[in-house]
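# Descriptive structure summary
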Amino acid sequence: MKEVSNNDRGISIIGLGAMGTALAKTLIKTGVPVRVWNRSPGKIKALSDEGAVPTNTTEEAIAKSSVSIVCVSDYNAVREIIFPFKNSIKGKTVINLTNGTPEQARELARWVHAHSGEYLDGGIMAIPPMIGTREAVIFYSGSLVAFEKNKTLLESLGTAQYFEGDPGLASLYDLSLLIAMYGMFSGFLQAVALSSTGGVKATEFTTVVIPWLKAMTQTLPINAKQIDSGDYKQGVVSNLGMQTVAYQNLVDACKVAGISIELMLPLKAMFEQAVSNGHTEGDISALIENIRRPDFQAK
Ligand code: FVH
């Protein structure tokens, strides 16, 4: 664990849920003075036992530290606990690790800057037990000055990756990765539901699905090139016409097995639309055209 030495007046952690607590515990171990605030005071006790200094209000937490990390449920909570104390922001750095949309991040960045503070937005690509390890990747965007100044501190929480320019970029990457993750989870659940109708235990099935999914990730760079060039036929090995026919078998098997096909129908509609748009010889990457249309509806 690195020693954190660049914050002469310490750091405040605002929000002590599972993630805020993990952040605070990790920072306490680095030796930096840590102040903590949480809406319900019960969660403060465990941290003050470990050496954190409790604060009574978010105003006090912000005012007494040069840097405040905010990590609460959502942006409504962020606004509720920060906005009333706009006069405390001047000269301070606010690092917001609350999950939200890129637009929410931009809006908060504007607000902090308008009150003469530095704003850094963060997207945590980790679960609480990973905090403090290199595997915990945290994306940042917003003030480069704040990022550079607090880099040692941020590196103590995990691998810190900064995206220059738009303060919404950390959130954009974060949410995009979560979308990829939920695609995997929903596919996994549908597959387990089908395989279990044949008596296959989820734990057994997992031993075959993990290597399969890993093997399939090798197609992603090919699909990415197709999307960037707009040439969906480039390097295609499994064309969309074939995939559309095969996908119908998946839907039919689920129907016959008596399980929901609700998660599967939007993709089926997109396959059919892409085929009728002339992408039979292209790859699955052609579906990006439907996804990029806000008006696309699964029929
Ligand atoms: N935990 C995880 O796996 C993920 C990993 C990736 C990042 N997320 C995001 O981190 C934010 C905090 O998540 P969390 O896991 O700490 O969440 P909880 O344990 O549910 O704690 C929520 C804290 O938020 C406080 N809070 C909620 N509403 C308010 C409010 N109106 N005013 C003040 N504080 C509020 C809550 O306080 P309390 O209920 O203890 O009084 C907790 O401190 C989140 O954006 C994740 O998406 C976590």
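Everything numeric here is computed off the predicted structure, so don't read it as measured data.

Cut-offs applied
Residues numbered from 1 in each chain as written. Predicted model: local features only at pLDDT ≥ 70, side-chain atom pairs only at ≥ 80, totals over all residues. Heavy atoms only, no water. 1 Å grid on protein atoms, 1.4 Å probe; cavity = no way out; pocket = protein on both sides within 12 Å on 5 of 7 lines; lining within 4 Å. Points joined across faces, edges and corners; volume = space filled by probe spheres on them. Helix = DSSP H or I, 4+ residues; strand = E, 2+ residues; numbered from the N terminus. Nonpolar A, V, L, I, M, F, W, Y, C, P; charged D, E, K, R; others polar. Buried < 20%, exposed > 50% of the residue type's maximum accessible area, 1.4 Å probe, protein only. Polar contact = N/O pair within 3.5 Å; in protein donor to acceptor, adjacent residues only side chain to side chain. Contact = heavy atoms within 4.5 Å. Phe/Tyr/Trp six-rings, centres within 6.5 Å; stacked < 30°, edge-to-face > 60°. Core = buried A, V, L, I, M, F, W, Y, C linked by side-chain atoms within 4.5 Å. Right-handed = clockwise from strand over helix to strand, strands pointing away. Pairing = 2+ DSSP bridges.

Before going further, it helps to examine empty space enclosed by the protein. Gaps between atoms show up when a probe of the same size as a water molecule is rolled over them. A full pass over the atoms with the stated rule returns one cavity of 30 Å³ or more. Lining the largest cavity are Tyr75, Thr98, Asn99, Gly100, Asp121, Gly122, Gly123, Ser171, Asp174 and Leu175. The set of elements that each furnish at least two residues to the lining of the largest cavity consists of β6 (118-125) and α8 (169-196). Here the residues of the lining of the largest cavity sort into two nonpolar, six polar and two charged.

Turning to the side chain of Thr58, a few remarks are in order. Its place among the elements puts Thr58 in helix α3 (residues 58-64). Judged by its relative accessible area of 3%, Thr58 is buried. A distance of 2.6 Å separates the side chain of Thr58 from the backbone oxygen of Ile81, its partner in a polar contact. Apart from residues lying up to four places away in sequence, Thr58 is in contact with Ile14, Trp37, Ile81 and Phe85.

Another aspect to go through is the packing of aromatic side chains. Throughout the structure, instances matching the rule amount to eight aromatic pairs. With centroids separated by 4.0 Å and ring planes inclined at 5°, the aromatic side chains of Phe163 and Tyr173 adopt a geometry described as stacked. Of this pair, Phe163 sits in strand β8 (residues 159-163) while Tyr173 sits in helix α8; the two residues are 10 residues apart in sequence, bridging distant segments of the chain. Seen in terms of ring centroids, Tyr247 and Phe271 are 5.0 Å apart; in terms of plane orientation they differ by 55°. Their pairing is tilted. Within this pair, whereas Tyr247 is found in helix α11 (residues 240-256), its partner Phe271 is found in helix α12 (residues 265-276), the two being separated by 24 residues in sequence. By way of ring pairs, the aromatic residues Phe139, Phe163 and Tyr173 are connected into one cluster.

Here we take up the nonpolar core. With 34 residues, the main nonpolar core has Leu27, Val34, Val36, Ile69, Leu97, Ile131 and Tyr140 as its most contacted residues. It is helix α1 (residues 18-30) that provides the largest number of residues to this core, a total of six residues. Beyond its immediate sequence surroundings of up to four residues, Ile69 is in contact with Ile11, Ser12, Ile13, Ile14, Leu23, Leu27, Ile95, Leu97, Leu153 and Leu157. Ile14, Trp37, Ile89 and Trp111 belong to the second largest nonpolar core, which has 18 residues in total.

Looking now at the pairing of strand β2 (residues 34-37). By the alternation rule, side chains of β2 split into Val34 and Val36 and Arg35 and Trp37, which are all buried. The parallel pair strand β1 (residues 11-14) and β2 is bridged by α1, and the resulting crossover is right-handed. Of the pairings in the sheet, the one linking β2 to strand β3 (residues 53-54) comprises two bridges and is parallel in character. Looking at the pairing, Arg35 lines up with Val53 of β3. After leaving β2, the chain enters helix α2 (residues 44-49) and then returns to the sheet as β3, a path that is right-handed.

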